Amino acid sequence: MLRSVGERGRHAEAEAGYRDLLRTRIRVLGPEHPYTLMTYNNLALQIAYQGRFAEAEWTFNELLEARVRVFGSHHPYTLQARSNRASVVTQLGRGAEAEAELRSVLAIERQVLRTDHVNVLDARYELAQAIAAQGRHQEAEAELREVIEAERRVLGVEHHLVGDARLALGQALARQGRHEEAVVELRALLELQTRVLGPTAPRTAATRECLAAMEARGA
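In this text, all values refer to a predicted model and were calculated from it rather than measured experimentally. (Residues numbered from 1 in each chain as written. Predicted model: local features only at pLDDT ≥ 70, side-chain atom pairs only at ≥ 80, totals over all residues. Heavy atoms only, no water.)

### Some points on helix H6 (residues 95-112)
In an α-helix, one full turn covers 3.6 residues, which means residues spaced three or four apart are oriented alike.
Part 1: Taking 1.5 Å of rise per residue, the 18 residues of H6 would be expected to cover 26 Å, and the 26 Å separating its terminal C-alpha atoms lies within 8% of that figure.
Part 2: When we look at burial in H6, the residues that qualify are Gly-95, Ala-98, Glu-99, Glu-101, Leu-102, Val-105, Leu-106, Ile-108 and Glu-109.
Part 3: Tucked inside the fold, the buried residues of H6 contact helix H5 (76-91) and helix H7 (118-133). (Helix = DSSP H or I, 4+ residues; strand = E, 2+ residues; numbered from the N terminus. Expected span 1.5 Å × (residues − 1). Buried < 20%, exposed > 50% of the residue type's maximum accessible area, 1.4 Å probe, protein only. Contact = heavy atoms within 4.5 Å.)

### Details of a nonpolar patch on the surface
Part 1: Together, Val-28, Leu-29, Tyr-35 and Met-38 make up an exposed nonpolar region whose accessible area comes to about 380 Å².
Part 2: Elements that contribute at least two residues to the nonpolar patch include exactly helix H2 (11-29) and helix H3 (34-49).
Part 3: Relative to the helices and strands, Leu-29 resides in helix H2.
Part 4: The class of Leu-29 is partly exposed, set by a relative accessible area of 36%. (Patch = residues over 30% accessible without salt bridge, like charges linked within 9 Å, V, L, I, M, F, W, Y side chains within 5 Å. Areas by Shrake-Rupley, 256 points an atom, 1.4 Å probe, with all protein chains shown as cover. Salt bridge = Lys/Arg side-chain N within 4 Å of Asp/Glu carboxyl O.)

### Some thoughts on the packing of helix H9 (residues 160-175) against helix H10 (residues 179-196)
Part 1: It is at 8 Å that the axes of H9 and H10 come closest, and there the two elements cross at 160°. Taken as axis vectors, H9 and H10 run roughly antiparallel relative to one another. By crossing handedness, the relation of H9 to H10 is classed as left-handed. Counting all contacts with H9, which are made through Gly-163, Arg-166, Leu-167, Leu-169, Gly-170, Leu-173 and Ala-174, the residues of H10 involved are His-179, Glu-181, Ala-182, Glu-185, Leu-186, Ala-188, Leu-189 and Gln-193.
Part 2: Grouping the amino acids of the contact of H9 with H10 by side-chain chemistry returns eight nonpolar, four polar and three charged. (Axes fitted to C-alpha atoms, helices over the stretch in contact; angles between N-to-C directions. Parallel < 35°, antiparallel > 145°, perpendicular 65-115°, else oblique. Left-handed = near helix turned anticlockwise from the far one by under 90°. Nonpolar A, V, L, I, M, F, W, Y, C, P; charged D, E, K, R; others polar.)

### Focus on H3
Part 1: In this model H3 runs 23 Å from its N-terminal to its C-terminal C-alpha over 16 residues, within 8% of the 22 Å that 1.5 Å per residue would give.
Part 2: Regarding H3, the residues found buried are Thr-36, Leu-37, Thr-39, Tyr-40, Asn-41, Asn-42, Leu-43, Ala-44, Leu-45, Gln-46, Ile-47 and Ala-48.
Part 3: Remark: Gly-51 follows H3 within two positions and exhibits a positive phi of approximately 85°.

### Things to note about the pattern of salt bridges
Part 1: Scanning the model with the defined rule gives 25 salt bridges in all.
Part 2: Among the ionic pairs, Arg-19 bridges to Glu-15, the shortest N-O distance being 2.9 Å. With Arg-19 and Glu-15 both in helix H2 and four residues apart, the pair spans about one turn of that helix.
Part 3: With relative accessibility at 30%, the residue Arg-19 sits in the partly exposed group.
Part 4: A salt bridge links Arg-136 to Glu-139, with the nearest nitrogen and oxygen atoms 2.9 Å apart.
Part 5: If you follow the salt bridges from partner to partner, you end up with Glu-15, Arg-19, Arg-52 and Glu-55 in one network.

### What to know about the nonpolar core
Part 1: By size, the foremost hydrophobic cluster in this structure holds 21 residues, and its most contacted members are Tyr-125, Leu-144, Ala-165, Leu-186 and Met-214.
Part 2: If you list the elements that add at least two residues to this core, you get H7, helix H8 (137-155), H9, H10 and helix H11 (202-218).
Part 3: Per-element accounting of this core gives the leading share, eight residues, to H9.
Part 4: Each residue touching Ala-165, except ones within four places of it in the same chain, is listed here: Tyr-125, Leu-144, Val-147, Ile-148 and Glu-151. (Core = buried A, V, L, I, M, F, W, Y, C linked by side-chain atoms within 4.5 Å.)

### Points about the side chain of Thr-90
Part 1: Mapped onto the secondary structure, Thr-90 falls in helix H5.
Part 2: In this structure Thr-90 touches Ala-98, Gln-129, Ala-130 and Ala-133, once residues within four positions along its chain are discounted.

Set out below in structure tokens:
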């Protein structure tokens with residue numbers, strides 16, 4: 001229920017719900033129960049989605065310390081927390097730091113998970129974002145194309161994570177001055193998202209806004 005609230009873009013409402021659930025799980029299960037830590041992760045994500053990146057980083061740091069204690073440093077849950085924290089670090093303007101963290105995460109994930117595991121693909125998507133944040137857009141494009149190909153194979157062409165990577169690809173193309181290619185990519189993505197997610201879904205709206213900005217620049 002709370003996940004669907006967040007996916008509809010109602011992040012403040014989802015945050016409040018996760019805070020209530022976290023208090024309940026701490027009281028009933030304890031502060032380091034896996035379900036408690038899962039709730040803490042979801043709370044941190046909702047904070048990040050609202051743009052409160054410094055607070056989200058602090059929350060992910062707390063979560064990461066707990067997951068290392070409970071699961072160990074190489075567990076997928078611990079690596080997921082590191083990847084999520086790196087995403088926030090990118091948003092805080094520390095792209096080089098995020099890139100180093102994500103490369104470290106991927107080196108471990110490739111040992112303990114399949115190369116096409118969704119966690120690996122998500123970390124590679126975040127790596128591309130960290131690379132792009134440093135202005136290396138051609139390198140980010142190459143990474144995103146590989147991620148999109150793998151995600152389509154593993155998740156299906158209509159999955160929202162594929163859409164996230166395609167939006168990032170369109171942005172990487174535009175930042176290289178390839179606006180026509182970017183517009184073609186985002187028009188196709190918008191058509192698919194409108195059909196699959198609906199015209200008012202947050203991801204559809206984000207693509208529409210990005211596309212409108214690109215078309216305005218090209219006008």
